[in-house]
Amino acid sequence: MTDSLFEGLTSAQRDAVSHVDGPILVLAGPGSGKTRVVTHRIAYMLRSGVYSSQIVALTFTNKAAQEMRSRVERLAPESTVWVSTFHRFCARLLRAYSNLVGLEPNYTIYDTSDSLQILKRALQTEEISMTHATPEKVAKAISWAKNNMVLPERYEANSANAISSIVQDVYPEYQRQLRAANAVDFDDMLMLVAQMLQENPELRAALDERFRYILVDEYQDTNLVQYLLVRSLSQQHPNLGVTGDPDQSIYGWRGANLNNILDYEKDFDQVKVVRLEQNFRSTPNILSVADHLIGHNKRRKKKSLFTDHPTGKPVRFLSYVTSHEEAQAIATRIATYVAQGKRQPRDFAIFYRVNALSRAYEEALRQQGIPYMIVSGVEFYHRKEIKDVLGYAMLVNNPRDDVAFTRVVNTPTRGIGKTTILKLQVHALDHGISMLDAAREAGMIDSLNKRAAVAVAKFVAIFDRISLKINQPVEEILGAILSETGLRAQYEDSDDEEDVSRLENIDELLSSAREFDFQHPEDGTLEQYLEDKALVNETDEFDTALDRVTLMTLHAAKGLEFPHVFMVAIEEGLLPHERSKDSDAQLEEERRLMFVGITRAQEELELSTANQRDFRGRRMMTVPSKFLFELPREEMDFQAALGRYAPTSQEWEDVHDIPPDDFSQIGESGNISDDSPSNSPSSHTRMLITAADMVKGPSSSAPKLNPDQFHQSMAVIHPNYGLGKIIAMSGEGAKRTATVQFVTGDQKKFVLAYSELRSASSS
DNA sequence: CCCAGTGTCTTTTTT
DNA sequence: AGACACTGGG
């Protein structure tokens, strides 16, 4: 059967495309045409007589869903295959069967910050003292539990973990308050659906029947709940088709379980396995670098990547003296290429490990007048002014939403302070009603003074007026909110520059609402609109049509490709990230992250480090990432940047062998001055000196020093903690303190006058 | 109750 | 550096 669906496909790809019934695992290396295979397979299934309505394709991001949807539509224009993210899929099931898990259909979806509010409240109601934990950490632990299908009542504290006992106490209360507010957090959406399927076998069977063919993209990123979900819908009809690449699993930190893909063949009988190893994206040089790196991971399924592309240029590695120079050099190179007509701005991407690094590159590009776009940053829907407006809308849609109530009751300020809100909350809790209902009874709450009660009553009146509009088009509802509450007037009256941009954002929100109304002439409910907003993210609107250099994190880069890629700041502490050093599993994930970055490049790839990096308002000395030593250096182009010194590979090994363990970001040379004298002739030897400082053994005979004899980036020794380096100092005289980074990884602060800190150098 | 000023801590990544 | 929580004066 040769036809257009199979045209131009490799035999492995055809093999996968022509598989209709039964489980299939497609192990797809980077750039191996995975999306093409999936979409062609769907088209093939349709052609083989499967109904559109029996197929559902699940992805993680909206971006991926959109991409897949449009490609399916192109291949099979008449089809109505449901392509959705996991969360949207679950959102819809939850609406339909909300009663099974104690929700109303108009439930609210809380984002991370909303959930955190509820959690804080729950911690208060349970009167849990937070001596050794932060709400964020507890939230993370709860999220972990939910991702692993541990229901509140089933959670058991682990004596080895201090957080877990807090979680045991607060998790049920947190969950109770979410339900009371008729709200769910992101994790709930998945967990509740999985729970629903577990507890209602007949529903499970019906949905299994309905969704006979399930396709899961990026299967290596699924967590336990997602696994349970798709598994339970693939019992009578085990037509589960999963695609993924264990080497590109980079979401372990949010519960993704690599075992799901590694053990897939054990989970189902007669699994068809197809490996897509031919790469259509990159040059052999780039692939070789990727391959060498990932070869250092132990937990993986071996794949051999190959391509028939021409060799291409060697991958470059550049070592710069300062982060400033690194940024300058990159911007200059881009500008040159563009000026020469070799490339367009859109051909370039700059990848970094953390968002906070973007600034330097941004500035350099701006100076060169090169257009660029940053993917990520503060998300539109998370901005204060937007959340305020939507807060009212959320409360209208779900009057039990206490978080929304708390957010808007005094926005803009109308004399309802903390104490008043607290009293309303207590009253609500005591009577088992929502805070809005408590507000309606404000006049009868004894503890409230008259003035507060009047202010609250006023708020309720405003709210009720807005509520009348609930069935109007969304744009009208939002418009009513803006005028009734005085929010618009507040921003209009101000000539603060920030308020002007806020107003612009609000106008953008209104136009998005208009767009929504237009798209949904019949079913455009406020409920739908809010769900939409809760589940999108600005990265989804990443626009490839614009001719701009792309700046983004390595995580955001997954699934994309660019002709010329720069990966910057490949330094210990950043990549691998310092928080990923505890376990081998985390380290392997960092390595995969670098692998993902490398394999985004089509033609040219440049890796770089800077010996000295400005980061978070500090200037740090850096150590090159250990990953750089895992690359095939003989195949690469190792260069000194701008003719300056770059260490030879031998010197690098020396540096790297020195520190016991990972000694990242040693030292700091004071605060940043505007014009750094990075041209000083000696600056190139800094890294080596730093390292050498560290090897000098502890000199036990060092005399006790006066506080003023300590200085930044000095090597010190402490009787209990051992060798370390001063990374920051503050205070004056007797209160003079030093923050010391020890080789053990600990960081401690000492008041110098009282500490046992000595100089570590023998001089 | 509100505001401004200070101190602390961070975010690695996202639905 | 910047966001955020907390403090104390108005």
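Residues numbered from 1 in each chain as written. Chains lettered and ligands numbered in written order. Predicted model: local features only at pLDDT ≥ 70, side-chain atom pairs only at ≥ 80, totals over all residues. Heavy atoms only, no water.

### With respect to the overall build of chain A
Test applied: A run of H or I in DSSP becomes a helix once it reaches four residues, and a run of E becomes a strand once it reaches two; helices and strands are each numbered from the N terminus. To sort residues, take the accessible area from a 1.4 Å probe on protein chains only and compare it with the maximum for the residue type: under 20% means buried, over 50% means exposed, and anything in between is partly exposed. Contacts are assigned to residue pairs with any non-hydrogen atoms lying within 4.5 Å of each other.
When helices and strands are counted, chain A shows 28 helices and 21 strands. In chain A, which comprises 763 residues, the share counted as buried stands at 56%. Considering only contacts within chain A whose residues lie at least 6 apart along the sequence, 76% involve residues at least 24 apart.

### Some words on the sheet that holds strand 6 (residues 213-216)
Here is the rule we go by: Any two strands with at least two DSSP bridges between them are considered paired. As a rule, the C-alpha atoms of each element are fitted with a line to give its axis, helices using only the stretch in contact, and angles between N-to-C directions run from 0 to 180 degrees.
Spatially, six strands are ordered 3-2-6-7-1-8 in an open sheet, and the strand pairing comes out parallel. Sheet topology places strand 3 (82-85) and strand 8 (272-276) at the edges, where each strand pairs with a single neighbour. When strand polarity is set aside, the average angle formed by the axes of neighbouring strands in this sheet is 15°. Sheet topology note: the strand 1 (residues 24-28)/strand 8 ladder contains five bridges and is parallel. Counted as the bridge partner of leucine 25 is valine 273 from strand 8. Of the strands in this sheet, strand 2 (55-59) and strand 3 are in contact with helix 3 (residues 62-75), which crosses strand 3 at around 165°.

### With respect to the environment of proline 412
Here proline 412 is to be found in the loop between helix 17 (402-408) and helix 18 (418-431). Each C-alpha atom of the pair proline 412 and valine 230 lies 45 Å from the other, and the pair is 182 residues apart in sequence. If sequence neighbours within four positions are ignored, proline 412 has contacts with Tyr392, Thr485, Gly486, Leu487 and Gln490.

### Some words on the pairing of strand 13 (residues 562-567)
Each regular strand displays side chains that alternate between the two surfaces of the sheet. Counting buried positions along strand 13 yields six of six residues, so the element is predominantly enclosed. The pairing of strand 10 (residues 348-352) with strand 13 spans four bridges and is classified as parallel. Each residue of the ladder has a partner; that of alanine 349, found in strand 13, is valine 565. Strand direction decides the pairing type here: strand 13 and strand 14 (residues 601-615), joined by five bridges, are parallel. From the neighbouring strand, methionine 567 faces strand 14, where its bridge partner is leucine 607.

### What to know about the UniProt feature "binding site: ATP" (unreviewed entry) in chain A
Rules: UniProt positions are given in the numbering used here, feature names are shortened, and annotations may be inferred rather than shown by experiment. Here a polar contact is taken to be a pair of N or O atoms separated by no more than 3.5 Å, where protein atoms must pair a possible hydrogen donor with a possible acceptor and residues adjacent in sequence count only if both atoms sit in side chains.
When the UniProt feature table is mapped onto this chain numbering, "binding site: ATP" (unreviewed entry) sits at Ala28, Gly29, Pro30, Gly31, Ser32, Gly33, Lys34 and Thr35. Mapped onto the secondary structure, serine 32 falls in the loop between strand 1 and helix 2 (34-47). Excluding residues within four positions of it along the chain, serine 32 makes contact with Gln13, Leu276, Gln278 and Phe280. Looking at serine 32, its side chain comes within polar contact range of the main-chain oxygen of glycine 29, at 2.6 Å.

### Digging into the confidence of the model for chain A
Inclusion rule: Values of pLDDT, which run from 0 to 100, indicate the predictor's confidence residue by residue.
Mean pLDDT over chain A stands at 82; residues scoring 70 or higher make up 82%. Across residues 642-701, confidence stays below pLDDT 50; counting only partners more than four residues off in sequence or on other chains, it has 114 contacts.

### What about the pattern of salt bridges?
Side-chain pairing between opposite charges can occur once the charged atoms of the two side chains come close. Counted only if it meets this: The rule for a salt bridge is simple: a side-chain nitrogen of Lys or Arg has to be within 4 Å of a carboxyl oxygen of Asp or Glu.
By the definition in use, this model includes 44 salt bridges. In this structure, the salt-bridge partner of aspartate 188 is arginine 179, at a minimum N-O distance of 3.2 Å. Accessibility expressed as a relative area gives 0% for aspartate 188, which makes it buried. By relative accessible area, arginine 179 is classed as buried at 14%. Across the pair arginine 343 and glutamate 604 runs a salt bridge, and its minimum N-O distance is 3.1 Å. Within this pair, whereas arginine 343 is found in the loop between helix 14 (323-339) and strand 10, its partner glutamate 604 is found in strand 14, the two being separated by 261 residues in sequence. In this pair, the class of arginine 343 matches that of glutamate 604, namely buried. Each member of the salt-bridge network shares a partner with another, and the members are Lys34, Asp217, Glu218, Asp221 and Lys558.

### Section: the nonpolar core
Counted only if it meets this: In these notes, a set of buried Ala, Val, Leu, Ile, Met, Phe, Trp, Tyr and Cys residues joined through side-chain atoms within 4.5 Å is what counts as a nonpolar core.
Ranked by size, the top nonpolar core spans 119 residues in total, and within it Phe89, Leu94, Ile214, Phe405, Phe459, Leu478 and Tyr529 carry the most contacts. In terms of residue count, the dominant contributor to this core is helix 20 (residues 450-467) (nine residues). Apart from the residues lying within four places of it in its own chain, the contact partners of tyrosine 529 are Leu390, Val474, Leu478, Leu509, Ser512, Ala513 and Phe516. Within the second largest apolar cluster, 39 residues are counted, among which are Val315, Ala349, Met552 and Leu554.

### Digging into the protein's contact with DNA strand C
Keep this limit in mind: When at least one non-hydrogen atom of a residue lies within 4 Å of a molecule or strand, that residue is treated as near it.
DNA strand C sits among Lys120, Arg359 and Arg616. One of the side-chain N or O atoms of arginine 359 is found 2.9 Å from a phosphate oxygen in DNA strand C.

### Some remarks on a positive patch on the surface
The criterion, for reference: Note that patches include only residues with greater than 30% relative accessible area and no salt bridge, and the join distances are 9 Å for like charges and 5 Å for nonpolar side chains (Val, Leu, Ile, Met, Phe, Trp, Tyr). Areas reported as accessible are Shrake-Rupley estimates using a 1.4 Å probe. Residue values count occlusion only from the protein chains shown. Counting rule applied: Lys, Arg positive; Asp, Glu negative; His and chain ends not counted. By convention, the point assigned to a charge is CZ for Arg, NZ for Lys, CD for Glu and CG for Asp.
On the surface, a cluster of positive charge is contributed by Lys137, Lys140, Arg579 and Arg616. Looking at the secondary structure, you find arginine 579 in the loop between strand 13 and helix 26 (584-598). Exposure remark for arginine 579: the relative accessible area of 67% places this residue in the exposed category.

### Structural notes on the packing of helix 8 (residues 186-199) against helix 9 (residues 201-210)
Going by this rule: Orientation labels follow simple angle bins: below 35 degrees gives roughly parallel, above 145 gives roughly antiparallel, 65 to 115 gives roughly perpendicular, and whatever is left gives oblique.
Running from amino to carboxyl end, helix 8 crosses helix 9 at an angle of 110°, the nearest separation of the two axes being 5 Å. Of the possible angle classes, the one that applies to helix 8 and helix 9 is roughly perpendicular. Taking contact as the criterion, the partners of Met196, Leu197, Gln198 and Glu199 in helix 8 are, on helix 9, Pro201, Leu203, Arg204 and Leu207.

### Some points on helix 21 (residues 474-485)
To keep things clear, this is the line we draw: Under the convention used throughout, the expected extent of a helix is 1.5 Å for every residue step, that is, one less than its residue count.
Between its first and last C-alpha atoms helix 21 spans 16 Å; for 12 residues at 1.5 Å apiece the expected length is 16 Å, and the two agree. Within helix 21, burial applies to Val474, Ile477, Leu478, Ala480, Ile481, Leu482 and Thr485. Two residues or fewer after helix 21 comes glycine 486, characterised by a positive phi angle close to 85°.

### Section: the side chain of glutamate 326
Within the secondary structure, glutamate 326 sits in helix 14. With relative accessibility at 0%, the residue glutamate 326 sits in the buried group. Leave out the neighbours within four places in its chain, and glutamate 326 touches Tyr320, Tyr361, Val568, Ala569, Ser608, Thr609, Ala610 and Arg613.

### Brief notes about the packing of aromatic side chains
To describe a pair of aromatic rings, you give the distance between the ring centres and the angle between the ring planes. Defined as follows: We call Phe, Tyr and Trp rings a pair once their centres come within 6.5 Å, taking the six-membered ring for Trp, and we label the pair stacked below 30 degrees between planes, edge-to-face above 60, and tilted otherwise. Only when the NZ atom of a Lys or the CZ atom of an Arg is both within 6 Å of the ring centre and within 35 degrees of the ring normal do we say a charge sits over the ring.
Scanning all chains against the criterion turns up 17 aromatic pairs. Ring geometry for phenylalanine 89 against phenylalanine 211: centres 5.3 Å apart, planes inclined by 65°, an arrangement best described as edge-to-face. Of the two residues, phenylalanine 89 sits in helix 4 (residues 86-96) while phenylalanine 211 sits in the loop between helix 9 and strand 6, which places them 122 residues apart along the sequence. The exposure class assigned to phenylalanine 89 is buried, which follows from its relative accessible area of 1%. Taken together, a centroid distance of 6.1 Å and an interplanar angle of 70° make the contact between phenylalanine 351 and phenylalanine 562 edge-to-face. Taken together, the residues phenylalanine 351 in strand 10 and phenylalanine 562 in strand 13 connect sequence positions 211 residues apart. An aromatic cluster of three or more residues is present, and its members are Trp82, Phe89 and Phe211. Against the face of tryptophan 82 rests arginine 92, its NZ or CZ located 4.1 Å from the ring centre. Positioned over the ring face of tyrosine 337 is lysine 342, at 5.0 Å from the centre of the ring.

### Topic: unusual backbone geometry
Most peptide bonds adopt trans geometry, and most residues besides glycine take a negative phi value. Omega for the bond connecting threonine 411 with proline 412 falls within 30 degrees of zero, at -5°, which places this linkage in the cis form. Following leucine 575, the chain continues into proline 576 via a peptide bond in cis, with omega recorded as 0°. Phi at glutamate 218 takes a positive value of approximately 50°, unusual for a residue other than glycine. Checked against the element boundaries, glutamate 218 lands in the loop between strand 6 and helix 10 (224-232). Unusually for a residue other than glycine, alanine 569 sits at a positive phi of about 55°.

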